[in-house]
Amino acid sequence: MQLVEKIVKGERAAIAKAITLVESSKENDKKESRRLISELLNKPGKSIRIGFSGPPGVGKSTFIESFGRYLVEKNYKLGILAIDPSSQITGGSILGDKTRMIEISKNPNTFIRSTPSRGSLGGISLGTREASIILDAAGYDFIFIETVGVGQSETMATNLVDIFSLIVGPGSGDELQGIKKGITEYADIFIVNKNDGDLKSEASKTASDYKSAISYYKKSSDVAEKEVLLVSAIEQTGMEKVIETIQNIVTQNKKNKNFDERRAKQFTYWIEEEVREIIQFSIQNKIKEDGSISKFSQKVMNGEIQMFDAIEAITQNLQNK
Amino acid sequence: MKTKNSENYTKWQKSFEQETKIDLSEASSDTDEGIKIKPVYTKADIENLSFVDNDSLPGQLPYTRGPKASMYTNRPWTIRQYAGFSTAEESNEFYKKNLKSGQKGLSVAFDLPTHRGYDSDDDLVMGDVGKAGVAIDTVEDMKILFNDIPLDQMSVSMTMNGAVLPVLSSFVVAGEEQNVNKNLLSGTIQNDILKEFMVRNTYIYPPDPSMKIVADIIEFTSKEMPKFNSISISGYHMQEAGADNVLELAYTLADGMEYVRAALSKGLDIDDFAPRLSFFFAIGTDFFMEIAKLRAARTLWYKIMKDFGAKNEKSMILRTHCQTSGVSLTEKDPYNNIIRTSYEALSAILGGTQSLHTNSFDEAIALPTDESARIARNTQLILQNETGVTNTVDPLAGSYFIESLTDELSKKAWEIIEEIESLGGMTKAVKAGVPKLKIEESATKKQAKVDSGSRVVVGVNKFKNPKEPQVDVRVIDNNKVRDDQIKKINDIKASRDQKAVDESLAKLVSAAKEDSNLLACSIDAIKNRATVGEVSKALEQVYGRHFATSLSVSGVYGKHFEGDKNYMNVAKKVNTFEEENGRRPRVLIVKMGQDGHDRGAKIVATSFADMGFDVDMGPLFQSPKDVAKDAIENDVHAIGVSTLAAGHKTLVPELMKSLKKIDPNSKIVVFVGGVIPEQDYDFLYENNISAIFGPGSNIIESAETVIDLISDKIHKNN
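Residues numbered from 1 in each chain as written. Chains lettered and ligands numbered in written order. Predicted model: local features only at pLDDT ≥ 70, side-chain atom pairs only at ≥ 80, totals over all residues. Heavy atoms only, no water.

### Quick notes on the overall build of chain A
Here comes step 1: The number of helices and strands found in chain A is 13 helices and 8 strands.
Here comes step 2: Counting across all 321 residues of chain A, residues that qualify as buried make up 49%.
Here comes step 3: Partitioning the contacts of chain A with sequence separation of at least 6, the portion at a separation of at least 24 is 77%. (Helix = DSSP H or I, 4+ residues; strand = E, 2+ residues; numbered from the N terminus. Buried < 20%, exposed > 50% of the residue type's maximum accessible area, 1.4 Å probe, protein only. Contact = heavy atoms within 4.5 Å.)

### Side note on the interface of chain B and chain A
Here comes step 1: Taken residue by residue, the interface counts 35 residues in chain B and 34 residues in chain A.
Here comes step 2: For the pairing of chain B and chain A, the buried interface totals around 2,800 Å² over both sides, and the portion due to carbon and sulfur atoms is 50%.
Here comes step 3: Among the residues of chain B in contact with chain A, Lys629(B), Glu633(B) and Asp635(B) are the three that bury the most area, contributing 21% of the side total.
Here comes step 4: Between chain B and chain A we count 4 salt bridges in total. (Buried area = accessible area lost by both parts, 1.4 Å probe. Salt bridge = Lys/Arg side-chain N within 4 Å of Asp/Glu carboxyl O.)

### Structural notes on the sheet that holds strand 5 (residues 142-146) of chain A
All names here are of chain A.
Here comes step 1: Strand order in the open sheet formed by 7 strands is 4-2-5-1-6-7-8, and the pairing between neighbours is parallel. Lying at the two open borders of the sheet, with one neighbouring strand each, are strand 4 (110-116) and strand 8 (227-230). Taken over all neighbouring pairs, the strand axes of this sheet differ in orientation by 20° on average, direction set aside.
Here comes step 2: Pairing of strand 1 (residues 48-53) with strand 5 involves 5 bridges; the strand directions are parallel. (Pairing = 2+ DSSP bridges. Axes fitted to C-alpha atoms, helices over the stretch in contact; angles between N-to-C directions.)

### Digging into unusual backbone geometry
Here comes step 1: In the segment running from Leu61(B) into Pro62(B), the intervening peptide bond is cis, with an omega of 0°.
Here comes step 2: For Pro62(B), the location among the structural elements is in the loop between strand 2 (36-37) and strand 3 (78-79).

### Details of the nonpolar core
Most often, soluble globular proteins have nonpolar side chains that are buried together.
Residue and element names in this part refer to chain B.
Here comes step 1: Membership of the largest hydrophobic core comes to 80 residues, with the highest contact counts inside it found for Tyr251, Leu253, Trp301, Met305, Met426 and Ile439.
Here comes step 2: For this core, the leading source of residues is helix 9 (residues 245-264), giving 12 residues.
Here comes step 3: Excluding residues within four positions of it along the chain, Tyr251 makes contact with Met198, Met238, Ile416, Ile420, Met426, Pro435, Lys438 and Ile439.
Here comes step 4: By size, the runner-up hydrophobic cluster in this structure holds 58 residues, among which are Val156, Val164, Phe171 and Val532. (Core = buried A, V, L, I, M, F, W, Y, C linked by side-chain atoms within 4.5 Å.)

### Some points on the pairing of strand 5 of chain A
If a strand is regular, its side chains alternate between the two faces of the sheet.
All names here are of chain A.
Here comes step 1: Counting buried positions along strand 5 yields 5 of 5 residues, so the element is predominantly enclosed.
Here comes step 2: A two-sided burial pattern is seen for strand 5, the buried positions comprising Phe142, Phe144 and Glu146 on one face and Ile143 and Ile145 on the other.
Here comes step 3: Sheet topology places strand 2 (residues 78-84) next to strand 5; 5 bridges connect them, and they run parallel. By the bridge assignment, Ile80 is partnered in strand 5 with Phe144.

### Things to note about the packing of aromatic side chains
Here comes step 1: As enumerated under the stated definition, the model contains 30 aromatic pairs over all chains in all.
Here comes step 2: Centre to centre, the rings of Tyr63(B) and Tyr302(B) are 5.8 Å apart; their planes meet at 65°, and the pair counts as edge-to-face. Of this pair, Tyr63(B) sits in the loop between strand 2 and strand 3 while Tyr302(B) sits in helix 11 (residues 287-308), and the two are 239 residues apart along the sequence.
Here comes step 3: Judged by its relative accessible area of 1%, Tyr63(B) is buried.
Here comes step 4: Its relative accessible area of 11% is what places Tyr302(B) among the buried residues.
Here comes step 5: Ring centres of Tyr681(B) and Tyr685(B) lie 6.4 Å apart, and the angle between their planes is 85°; this geometry places the pair in the edge-to-face category. Of the two residues, Tyr681(B) and Tyr685(B) are both situated in helix 26 (residues 681-686); the distance of 4 residues between them amounts to about one turn of the helix.
Here comes step 6: For Tyr685(B), a relative accessible area of 39% corresponds to the partly exposed category.
Here comes step 7: Three or more aromatic residues link up through ring pairs in this structure, and these residues are Phe52(A), Phe63(A), Phe67(A) and Phe144(A).
Here comes step 8: The lysine or arginine in question, Lys77(A), covers the ring of Tyr140(A), its NZ or CZ lying 4.6 Å from the ring centre.
Here comes step 9: A cation sits over an aromatic face here: Lys254(A) above Phe259(A), 4.9 Å from the ring centre. (Phe/Tyr/Trp six-rings, centres within 6.5 Å; stacked < 30°, edge-to-face > 60°. Lys NZ or Arg CZ within 6 Å of the ring centre and 35° of its normal.)

### Notes on the side chain of Asp162(A)
Here comes step 1: By the secondary structure assignment, Asp162(A) is in the loop between helix 7 (153-159) and strand 6 (163-168).
Here comes step 2: Once residues within four sequence positions are removed from consideration, Asp162(A) is found in contact with Ser47(A), Ile48(A), Arg49(A), Asp188(A), Phe259(A), Arg262(A) and Arg263(A).

### Concerning a nonpolar patch on the surface
Residues and elements named next belong to chain A.
Here comes step 1: Together, Ile271, Val275, Ile279, Ile283, Ile287 and Ile293 make up a nonpolar patch on the protein surface, roughly 480 Å² of accessible area in all.
Here comes step 2: Looking at the nonpolar patch element by element, the count peaks at 5 residues for helix 11 (residues 258-290).
Here comes step 3: On the basis of relative accessible area, Ile287 is assigned to the partly exposed category, the value being 33%. (Patch = residues over 30% accessible without salt bridge, like charges linked within 9 Å, V, L, I, M, F, W, Y side chains within 5 Å. Areas by Shrake-Rupley, 256 points an atom, 1.4 Å probe, with all protein chains shown as cover.)

### Overview of the packing of helix 2 (residues 12-23) of chain A against helix 6 (residues 128-137) of chain A
Residue and element names in this part refer to chain A.
Here comes step 1: In the contact formed by helix 2 and helix 6, the axes pass within 9 Å of each other and the chain directions differ by 160°. Our classification of the angle between helix 2 and helix 6 gives roughly antiparallel. In the packing of helix 2 onto helix 6, the handedness of the crossing is right-handed. Residues Ile15, Ala18, Ile19 and Val22 of helix 2 touch helix 6, and the partners they reach there are Glu130, Ala131, Ile134 and Leu135.
Here comes step 2: Residues of the contact of helix 2 with helix 6, tallied by class, amount to 7 nonpolar, no polar and 1 charged. (Parallel < 35°, antiparallel > 145°, perpendicular 65-115°, else oblique. Left-handed = near helix turned anticlockwise from the far one by under 90°. Nonpolar A, V, L, I, M, F, W, Y, C, P; charged D, E, K, R; others polar.)

### A few points about helix 3 (residues 27-41) of chain A
Here comes step 1: The terminal C-alpha atoms of helix 3 of chain A, which comprises 15 residues, lie 21 Å apart, in line with the 21 Å expected from a rise of 1.5 Å per residue.
Here comes step 2: For helix 3 of chain A, the full list of buried residues reads Asp29(A), Ser33(A), Leu36(A), Ile37(A) and Leu40(A). Around the axis of helix 3 of chain A, the buried residues are gathered within 100° of arc, so they sit on the same side. Along helix 3 of chain A, the residues that are exposed and aim more than 90 degrees away from the buried face are Asn28(A), Lys31(A) and Arg35(A).
Here comes step 3: Considering only its buried residues, helix 3 of chain A is in contact with helix 1 (2-9), helix 2, helix 6 and helix 11 of chain A together with helix 22 (565-581) of chain B. (Expected span 1.5 Å × (residues − 1). Arc of directions from axis to C-beta.)

### Things to note about the sheet that holds strand 16 (residues 669-674) of chain B
Here comes step 1: Across the sheet, 6 strands lie side by side as 3(A)-14(B)-13(B)-15(B)-16(B)-17(B); this open sheet has parallel pairing. Two strands bound the open sheet, and with one partner strand each, they are strand 3 (93-95) of chain A together with strand 17 (691-693) of chain B. Averaged over all pairs of adjacent strands, the angle between their axes in this sheet comes to 25°, without regard to strand direction.
Here comes step 2: Relative to strand 14 (residues 614-617) of chain B, strand 3 of chain A runs parallel, the two being bridged by 3 bridges. Across the sheet, the residue bridging to Ile94(A) is Val615(B), located in strand 14 of chain B.
Here comes step 3: Each of strand 15 (638-643) and strand 16 of chain B touches helix 25 (residues 648-662) of chain B; the most contacted strand, strand 15 of chain B, lies at about 160° to it.

### So, the confidence of the model for chain B
Here comes step 1: Taken residue by residue, chain B gives an average pLDDT of 92. The fraction at 70 or more is 99%.
Here comes step 2: Scored as a complex, the prediction yields pTM 0.84 and ipTM 0.89. (pLDDT = per-residue confidence, 0-100.)

### A short note on a positive patch on the surface
Residue and element names in this part refer to chain B.
Here comes step 1: There is a patch of like positive charges on the surface, built from Lys660, Lys667, Lys713 and Lys716.
Here comes step 2: Of note, Lys713 is situated in helix 27 (residues 699-717).
Here comes step 3: Of the residues examined, Lys713 reaches a relative accessible area of 31% and is grouped as partly exposed. (Lys, Arg positive; Asp, Glu negative; His and termini not counted. Charge placed at Lys NZ, Arg CZ, Asp CG, Glu CD.)

In C-alpha cells, the structure reads:
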C-alpha cells in the first residue's frame, strides 16, 4: 500500500489523509481504515502517548504550546491530536485550538490535527486511537492527545495513552473532594498551571492540596508514583520538570513491565470495543427489520402483557434470528 | 384627571391605529441596541430623565448640548481627513494638496508593519508594506512626511497604538530637526491600546505593559507637550467591528476610565492631564441614534470625571473627533456611498463633533483616489457653507425624541460600564476576552439581519443596480514600495553611529526593566537613527509579544434563519455531503500578514459552523507558509482567506505556492473574501482562486457556493 510508505516516510499530506480516513463515518472508508491500521501496526514507532485533560479555562492549549515549544527546541518530533467540542444544535464546529498554539504550529517538527468531537462518548472522538497509530508509524516521538473536560479521564487513560495528565488551575483544590476518586485513580501527573504573578501562592497551595489528596491513594509498589507539578505556561517555567517526570515514569514503568501491560490491556479493550460495535451494529439492523419492539409496546400499553414478559419475548425473538 | 394632553394622545392613538391597522403597543421598531423606537414621542417622554438635564445650555454641565457655548456659530468643526499613501513622499504631496484646498488638520494613516513595530525589511511583513498607509521605518521617513509643513502651525493626528513609542518619538525628533520645540507641537496620538485587544489587533505587547506605555505617554506629554492630545479614546473601531452604539459608547468610556486610572497611578493630578484626553467615535447610518450617542457620551463623561474628583471644568468636557462609518460603505453600487456618508456627516454635526473625517466612496474597495477624496472633503464643505447647519447650536435640543433617546442610551451604556467596573476595570475585562466576544456577537447579529433581508441595504440586498458602475481605484505597487524602504533603511544603518544606537537601545531596555518613563529614552534612540522595528524589538525583550487567544460565539447567526429556505437548503447540502463523504465539509478561515481586522473572518467562521460546516480558525498574523501547513495537516476541503488590507496580491499567490510545495497534488479549494478591487479579480483567478466574495456578500449564498465548489472538486477527482 502506497499510503503506508508515505506515512512511514513522514509525508505530511499522507498522514493527514490517513487520519481523515480513520475518522470517516463511511462504511467503505472503515474497511479501508482497518486494512491501513493492520499494516501500520506492523511498523511500530517509538512514540510515547500522553493525554492532557482538564476543565475549560485552565490553559490546556497554552500549556501544550509552551511545553511543545520546549520539546521541539530539543529536536523532538511532536504530534498533537486536539479534540474540540462540536455544537449540539447544528453538528458543525469551530476548531480554534490552533489559535492558542501559534509558535509550535509553525514548527516543521510538529503535526497538529484538530478533530470535532461529534458528541461521541467520553469526548474522545472516533478515530483518535487510530490517528495516534498513524503518527507513531510516521516517527513522532511524542503524541499529545488533548480533550475537553475531565469527564473522559477514564476512557482516555485506559484506552489511549501511556501517561495521563490532568491540567488544573490555581484554586481548584476545593473541587478536589468531589472528583477525588476518579482523578487520583487515573491521572499519572497533575499539572498545576498559572504558577505566575498574583496567582503564585494560590498555585502552590493547590499543588499541596493535590499532593495530600494523592497520598491517600494506596500505591502499589511496582507502579511509578503519581506526581504533582507546578508550571506557568505563559512564562514557560517548570517545563524541564514535566519532561523529566514523563521520562522517569516511562523508564520505571518499562522496567517493571507496567508500560507493556498497560498497552496490552488497551489492545484487549480495543478488540472488545470493535467486537461490541460490530455486534451492536448487527443487532440494531435486526431490531429495525424485526419490528417486535413496537408490536410488544402496544401490547404492554393495552395491558395484554406485562412489561418484563414483553422484554423477554422480544429478546428471545431476536436471539433466534 | 383628564388633561388636554392625554385627551389629545388618546385621539392620536386612535387615528394611528386606524391608519396603520396596528396596535400601538406593537408598533415600535427594535434597534440593534435593544431600544424600542416608538412611532411618536411626547412631552411625557422627557419628564423624569435620569442623565439629561432639560434646562442646561451649550457649554454648561452636563455638557449634553456641546462642549462650548458658541459651537459652530463661532468656528465650524475641523475638517480632518485621514490619509496616508505608501511612502512618505507621496503622502507629503497629498497633504500639501489638501491643505491648499481647505483642509485644516492632518491625519496620518500608517501601514500595518509600522503599527505592529516591524521594519519594512522584516520577512513577516512582505505583503503589508505601504498597503494601508504610509511606512515609517526611521525618523528620516517622518521628516519627509512633514517636508514643507511647519509643525508649529499644523495640528497633526496620528493613528498609532502599537508602536506609539517609536512613532511619537519620530514625530518629536522630526519637529526638533525642523527647529520646532516639542512644547509647540499640537495634534493627537491615538494611543488607545485597550480597543486594539478588543477589535483591531494592532497591539505588540501584552495588556499590562501596554497600559504602562499609555501612562508613560500621558505623563510625558502632560509635562512636556502641553498642546498635544496624549490619547484619543476610540470607539470607532468597535462600531466598525460590529458593535452596536451602546457597546461602542460604554466600552469607549470604560476604556477612558481605565486610562485615567493609569495616569493617576503615575501620581499625576487629574486636572493636569484630563483636559488633553480626546475621543473618537464612528458615525453609522442610524441617523438619530448617532446624534444621541454623541450627546450621551458628553453627558456620561461629565459624570465619570466628576466622580473621579476633577475640579477643572475642562477635565469634565468630552471633546471628540468623528469619522463616518467605513463598514456602512458597500462595494456594490458604490456611488450610493457618497449619499450614506453625507447623512452620517450630518448626524455627526447635529451631535456636535469637534472634527470630522468623511470617507471616500471607494474605500470599500481600495485607498481613495484624488477624485474620491475631493468629493469626500466637499461633503463637509457643502455642509459648512451651504446648508446653514452652523447657525444654531444643538438645534435638536428639546426634541422629545432626541432627548429621550439620549437619556435611554446613557442609561443602557451606564449599565454596561458598571458591569465592566465590577470585573475590575477594562484591562481585566479585556484579558478575560469579554468585550471582544460581546462585539463579535453584535456583529454576527447585524450580518444575519442583512443576509436575511430584515435590514435593507440599498444596492446590496434590495434595489440592486442592474448595471454595476466601473470605478477606477488607486493601485499600489507593493514590491516597489518595499524595495525603496529597504534601501533607505540600509543607507541609514550604514551611515549612523552604531555605538550610539546600541547604547540608547540598551538604556531603553533598562528603563523598561526599572519601570521608568520610556518615551524620553525612545526619543534618544530615534534621534540616533534607531529604526521603529529596533525600538519595538528592544522592548519586546522585556515584555514579550502578545498573542491573542480567540473565543468564538456560536448559534447567533443561525438563530436569525430558523425556517429560512436558503439557510435550510445549505444545512441540507451539508448533511448530504457528510453522508457521501464520511465527514462534514471542512473549511479553514485565515487572516494572513499583519492585517488584524478579524470581524469578517469571525462572522464567516461562526455562521459557517452554524450551517454545519467544520471550521478551523487560524491564528492572526499567519504567514502563507503557516497557513499551508495548517490546512494540509487538518486535511481541509477549502481555505477561506479574509483580506482587508490590500495584501492579497502578494500573500494569496504565496499561499498557493506553499500548498503545492507541501502537497503537489493538493486539491484544496481556495476562496478569498474582503476588500478586493475588481481589477484584481482576474489576477486572483489566474492564481487558481475558486471564488471571490466582496464586501456585502450574502454569507448563506457564499456558503452554498463553497460547498458546491468542494463537491465539484471531489467529483472531478473520482
